[in-house]
Structures are given as C-alpha cells and as structure tokens.
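What the coordinates show
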Amino acid sequence: MSRPATHECLGTCPRCGTSIPSRNLLIRYERGDGHARYAACPDCETPVRPA
C-alpha cells in the first residue's frame, strides 16, 4: 500500500524564493529557542533553512 503524497510547503528558499515541499526536508531538530530544520531547495539543489 502506498502513502498519499503530501503537498505541505515548508516555506521558501532564502536564496531564490522557490517553495520547498515537505518531501524535501533533510533534518529537523530542537534548539534552545525552538525548532530548526533544513531542506533541499528543488531549484538551487542546496540545503537551506526555509523562510
């Protein structure tokens, strides 16, 4: 059985402004001031912190 596609947006790339889908999430972790996450931008193909 396959899982349904998730189309949730994590935010936008701070470099090029492209929307970053949740499937591009690389890592999410807790920091003292909250959560941080990095995702691969589909256009830049670079790990970024979605804005």
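The coordinates are above.
Residues numbered from 1 in each chain as written. Predicted model: local features only at pLDDT ≥ 70, side-chain atom pairs only at ≥ 80, totals over all residues. Heavy atoms only, no water.

1. Observations regarding the packing of aromatic side chains
Counted under the stated rule, the structure contains one aromatic pair. Ring plane angle 15° and centroid distance 6.5 Å describe the contact between tyrosine 29 and tyrosine 38, whose orientation is recorded as stacked. By relative accessible area, which is 29% here, tyrosine 38 ends up partly exposed. (Phe/Tyr/Trp six-rings, centres within 6.5 Å; stacked < 30°, edge-to-face > 60°. Buried < 20%, exposed > 50% of the residue type's maximum accessible area, 1.4 Å probe, protein only.)

2. Some points on the environment of isoleucine 20
Note that isoleucine 20 resides in strand 2 (residues 19-21). When the C-alpha atoms of isoleucine 20 and alanine 39 are compared, they prove to be 7.4 Å apart, with 19 residues separating the residues in sequence. Residues contacting isoleucine 20, with those up to four places away along its chain left out, are Glu8, Cys9, Leu10, Gly11, Thr12, Cys13, Ala39, Ala40, Cys41, Pro42, Val48 and Pro50. (Helix = DSSP H or I, 4+ residues; strand = E, 2+ residues; numbered from the N terminus. Contact = heavy atoms within 4.5 Å.)

3. Focus on the pattern of salt bridges
Enumeration according to the criterion identifies one salt bridge in this entry. The salt bridge partner of aspartate 33 is arginine 31, with a shortest N-O separation of 3.0 Å. Residue classification places aspartate 33 among the exposed positions, given a relative accessible area of 61%. Judged by relative accessible area, arginine 31 falls into the partly exposed class, the value being 34%. (Salt bridge = Lys/Arg side-chain N within 4 Å of Asp/Glu carboxyl O.)

4. Here's the deal with the sheet that holds strand 3 (residues 25-31)
What the three strands build is an open sheet, ordered 3-4-5; its pairing is antiparallel. Edge strands, defined here as strands with exactly one partner in the open sheet, are strand 3 and strand 5 (47-48). Bridging between strand 4 (residues 34-40) and strand 5 involves two bridges; their strand directions are antiparallel. Following the sheet pairing, alanine 40 is matched in strand 5 by proline 47. (Pairing = 2+ DSSP bridges.)

5. With respect to the nonpolar core
Leu10, Cys13, Ile20, Ala39, Cys41 and Val48 form the largest nonpolar core, which has six residues in total. Non-local contacts of alanine 39, meaning those with residues more than four positions away in its chain, are made with Leu10, Ile20, Asn24, Leu25, Leu26, Thr46, Pro47, Val48 and Pro50. (Core = buried A, V, L, I, M, F, W, Y, C linked by side-chain atoms within 4.5 Å.)

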